[in-house]
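# Coordinates in review
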Amino acid sequence: MVDSGRARGDYWDKVVEYLSRPEGPNEGCEHYPCHHEGQDCTLCFCPFYPCHDPRLGYFVESRKGGQVWSCQDCLWIHRPDVGRDAKKLLWGAERPSYDELLAMKVRLELSHRARAKPLMVLGATSGAGKTLLVAAICRILADKGLRVAPFKSQNMSLNSTVTARGEEISRAQALQAQACRVEPEAYMNPVLLKPKKDDVSQVIVLGRPHRDMRVCDYYGGFTTGQGPSLVKDAFDHLARRFDAIVIEGAGSPAEINLEDVDLANMKTAELTDAPCILVVNIEWGGAFAYAYGTLMLLPPEQRSRFKGIIINNMHGSAADLQNGIEELERLTGIPVLGVVPHIEHALPEEDSQGLGGRGTGSVKVGVVRLPHISNFTDLDALEMGGGVSVQFIDRPSEVAVVDALIVPGTKSTVDDLRWLRRRGLDRAIIERRGQVPILGICGGYQMLGVRIEDPRGVESDEGGSHDGLGLLRTVSRFDAYEKKTVRVEGALVGGGEVRGYEIHMGKTESEEEPLFILRSEDGMRREGSISEDGMVMGTYVHGLFDLPSFRTRFLSLAGEGEANEMAMDHDAAVEAGLVKVAAIVSQHLDVDAILRMMGEGT
């Protein structure tokens, strides 16, 4: 806050002083962050103060008496694009008058909105293709020069990742952030539900563990209590920093049994005042009935928010649907914005509904399909190059015929270890020791050890000690309801780069040699374990296959030779997938109509 009594000359001198400073965040400043973590400090001292723009600030009582303009909540000038372009306007200028400064602000607003306009994409059902369409729309808008952010108020997913600030969010919103060409952050996914049992989920709030909740407690208190204000605050934070926000719904907006407690769909649309688009997956059949039924189940005030319908995943010619489209538009009064064809892509799947065989290569990598499998997107990079097929397995007979084994991450390590034993998979895995490479990731790493200690019942309902598979000389222990969430990078022991992230509860002590040497704030640290013969490995690092070094090493143990294109960076493959999907969607969607919904015009 700056005192409005400051002389304009002194004020301009201060502005000029900051114009010569480096662009970007100034983390060395004693006041950083004065607005929000990660803020851009290119223009620390706002040249337009006091702008008296009610979208950006407000009057408060001054300590000296009277009122003074406060811009404490203004994040507009701390956007990297606004700060950079404002600096270009001001650089070398003679001392402008106050009116001239405000005229410059108006010019900046022509390309940088003071507050983002939202658009919400909802599905008639789960699996309608919302996640991919949101990513495509984000990239289309970003390509048009808008600063865009994704938003999903509540996501239920076991596929999560870690932001640069150590926050845990859904992988889907991280993918959409990549489509926007911005860093993912917790405000993009303020509530993440990670199922632990049929009626219990760990609730992640703004990237940090909140607590485990039963369904009745979550819908009976959270979504009608603190949830709405949490969602509104997170959206408002993004709205003050971006031009456009593309919001994804969850499931269907017409779950009438949850109408009063559903936070993720129409409640979010109301809180953000977003125009809505409904997506239907025609591949499932009954697309017109899904669209019409969904809209008619909504009360009129909610139905009026829908400005368009997208028919998704079309095989064949869209012309075959024309009569049905015209009738649907007549019945609902809502235009169909496009028919998007089925798109073959290698982008990460949203949830375990998409688990199935991947790739057609001769080397078979068996992944144990745990009941609470998490972060299975770790495996996406394995199939790149065509030499590998990834198979999700749950029978001992399947374990016996694969060329490599992976025990993946899980949200319920002890429960899934018991499931492993009930099915005889523990013995089947142990019998393959020395014959094929065996890798445990996160919860799978804990299972491969000698023992899991949970004296306080942090990880499971029943505290105590649980025998692991004994393939690694490690002991994992859960002492507190604390989660480690951090991005990591370093080297594979023996050579080669690795990068990824850790998301786990518990700690593991190992008597084995480390698998990786990772860089951290405290220097280098040992991570993971590898057996003496090099055939059994465990690690907490997710995304370890994304770079070629570890992928090459693991697959070479499984018999995969150099024919596989192991040098490919998985991130580059994801970027290529986003470019492809956005290009196809833009060809089959009325993008101009979407721009008009968001106040952009054409």
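None of the values given here were measured: they were computed from a predicted structure. (Residues numbered from 1 in each chain as written. Predicted model: local features only at pLDDT ≥ 70, side-chain atom pairs only at ≥ 80, totals over all residues. Heavy atoms only, no water.)

## A short note on the sheet that holds strand S15 (residues 363-368)
Selection criterion: Each pair of strands is called paired provided DSSP finds at least two bridges between the two strands. Working definition: helices are DSSP H or I runs of at least four residues, strands are E runs of at least two. Numbering for both runs from the N terminus.
In space, the six strands of this open sheet follow the order S17-S15-S18-S20-S30-S29, with mixed pairing throughout. What marks the edges here is a single partner per strand, and that holds for strand S17 (388-393) and strand S29 (529-530). Across six bridges, S15 lies against S17 in parallel orientation. Bridge pairing links Val363 to Val388 in S17.

## Overview of a nonpolar patch on the surface
Rules: Exposure above 30% relative accessible area and the lack of any salt bridge qualify a residue for a patch; like charges then connect within 9 Å, and the nonpolar side chains Val, Leu, Ile, Met, Phe, Trp and Tyr within 5 Å. Surface accessibility in these figures is a Shrake-Rupley result with a 1.4 Å probe; residues are shielded only by whichever protein chains are displayed. Each salt bridge in this description consists of a side-chain nitrogen of Lys or Arg and a carboxyl oxygen of Asp or Glu lying within 4 Å of one another.
Together, Tyr292, Met296 and Leu331 line one region of the surface with nonpolar side chains, adding up to about 240 Å² of accessible area. Of note, Met296 is situated in helix H9 (residues 287-297).

## Side note on a negative patch on the surface
Note the following rule: Here the positive residues are Lys and Arg and the negative ones are Asp and Glu; neither His nor the chain ends is included. All charge positions are set by atom: Lys at NZ, Arg at CZ, Asp at CG, Glu at CD.
Together, Glu259, Asp260, Glu270 and Glu301 make up a region of like negative charge exposed at the surface. Topologically, Glu259 is positioned in the loop between strand S11 (244-248) and helix H8 (266-272).

## What about the sheet that holds strand S5 (residues 154-156)?
The strands making up a sheet are joined through hydrogen bonds of the backbone, oriented either antiparallel or parallel. The condition that has to hold: Here an axis means a line fitted to C-alpha atoms, over the contact stretch when the element is a helix, while the angle between two N-to-C directions is reported on a 0 to 180 degree scale.
Here we have four strands laid out as an open sheet, ordered S5-S8-S9-S10, and mixed in their pairing. A single partner strand is all that each edge strand has here, and the edge strands are S5 and strand S10 (208-214). For this sheet, the mean angle separating the axes of adjacent strands, direction not counted, is 25 degrees. Inspection of the sheet shows strand S8 (residues 191-197) paired to strand S9 (residues 200-205) by six bridges, in the antiparallel sense. The partner of Val191 across the bridge, within S9, is Val205.

## Some details on the nonpolar core
This is how it is decided: Side-chain atoms within 4.5 Å link the members of a nonpolar core, which is a set of buried Ala, Val, Leu, Ile, Met, Phe, Trp, Tyr and Cys residues. Type-normalised accessible area, obtained with a 1.4 Å probe on protein chains alone, sets the label of each residue: buried when under 20%, exposed when over 50%, and partly exposed for intermediate values. Only heavy atoms matter for contacts: two residues are in contact if any of them lie within 4.5 Å across the pair.
If you look at the biggest cluster of nonpolar residues, it comprises 85 residues, and the most contacted ones within it are Leu141, Val148, Phe306 and Val585. It is helix H4 (residues 130-143) that provides the largest number of residues to this core, a total of nine residues. Leave out the neighbours within four places in its chain, and Val148 touches Cys138, Leu141, Ala142, Cys180, Val182, Phe242, Ala244 and Val246. Counting 60 residues, the second-largest nonpolar core is a separate cluster that includes Ala428, Ile429, Ile438 and Phe550.

## Here we look at the state of the cysteines
Quick note on the threshold: Note that a disulfide, as used here, is simply two cysteine sulfur atoms within 2.5 Å.
The full count for this structure, using the stated rule, is zero disulfides. Note on Cys138: no disulfide assigned, nearest cysteine sulfur contributed by Cys180 at a separation of 3.5 Å. The exposure class of Cys138 is buried, given its relative accessible area of 0%.

## What about the pattern of salt bridges?
For the structure on display, the rule yields 32 salt bridges. Put simply, Glu575 and Arg139 hold a salt bridge, and the shortest N to O gap is 2.9 Å. Within this pair, whereas Glu575 is found in helix H17 (residues 570-588), its partner Arg139 is found in helix H4, the two being separated by 436 residues in sequence. Arg165 is the salt-bridge partner of Glu167, the closest N and O atoms lying 3.8 Å from each other. Among the residues examined, Glu167 registers a relative accessible area of 10% and is labelled buried. You can call Arg165 partly exposed: its relative accessible area is 31%. Each of Asp53, Arg55, Lys105 and Glu109 takes part in salt bridges that share partners, so that together they form one network.

## As for the packing of aromatic side chains
To be explicit about the condition: For Phe, Tyr and Trp, where Trp contributes only its six-membered ring, two rings pair if their centres lie within 6.5 Å, and the inter-plane angle classes them as stacked under 30 degrees, edge-to-face over 60, or tilted in between. Distance and angle both matter: a charge sits over a ring if NZ of Lys or CZ of Arg is within 6 Å of the ring centre and within 35 degrees of the ring normal.
This model, assessed by the stated rule, comprises 10 aromatic pairs. Aromatic pair Tyr218 and Tyr219: ring centres 5.2 Å apart, planes at 80 degrees, arrangement edge-to-face. Taking the centre distance of 5.5 Å and the plane angle of 40 degrees together, the rings of Phe545 and Phe550 count as tilted. Comparing Phe545 with Phe550, the two get one shared label, buried. The structure contains a cluster of three or more aromatic residues connected by ring pairs, namely Phe516, Phe545, Phe550 and Phe554. Directly above the ring of Trp76 sits Lys105, whose terminal nitrogen or CZ lies 5.8 Å from the centroid. Arg147 extends its terminal NZ or CZ atom over the ring of Phe242, reaching a point 4.3 Å from the ring centre.

## Thoughts on the domain arrangement of the protein
Spelled out, the test is: The split into domains, and so the bounds of each, comes from an automatic or database assignment of domains. Throughout, the accessible surface (probe 1.4 Å) given up by two parts as they are put together, summed over both, is called the buried area. Under the scheme applied here, ten amino acids are nonpolar (Ala, Val, Leu, Ile, Met, Phe, Trp, Tyr, Cys and Pro), four are charged (Asp, Glu, Lys and Arg), and all others, including Gly, are polar.
One can read the domain layout of the protein as domain 1 (9-111), domain 2 (117-347) and domain 3 (356-568). Between domain 1 and domain 2, the C-alpha centre-to-centre distance is 34 Å. When domain 1 packs against domain 2, close to 780 Å² is buried across both sides, 52% of that on carbon and sulfur atoms. Three residues, His36, Leu75 and Arg79, lead the burial of domain 1 against domain 2; their summed loss comes to 55% of the area buried on that side. Across the domain 1-domain 2 interface, the total number found is one salt bridge. When the shortest N-O distance is used, the salt bridge between Asp243 and Arg79 registers 3.1 Å. Each residue belonging to the side of domain 1 that touches domain 2 can be placed in one class, and the counts come to three nonpolar, three polar and four charged.

## Examining the pairing of strand S24 (residues 483-492)
In the sheet, S24 pairs with strand S25 (residues 497-505) via nine bridges, with the strands oriented antiparallel. When the sheet's bridge partners are listed, Arg487 is paired in S25 with Tyr501. Where S24 folds back onto S25 in an antiparallel hairpin, the turn is made up of four residues, including Gly494, whose phi is positive at roughly 105 degrees. In this sheet, strand S27 (residues 516-520) lies alongside S24 in antiparallel orientation, the contact comprising four bridges. Counted as the bridge partner of Leu492 is Phe516 from S27.

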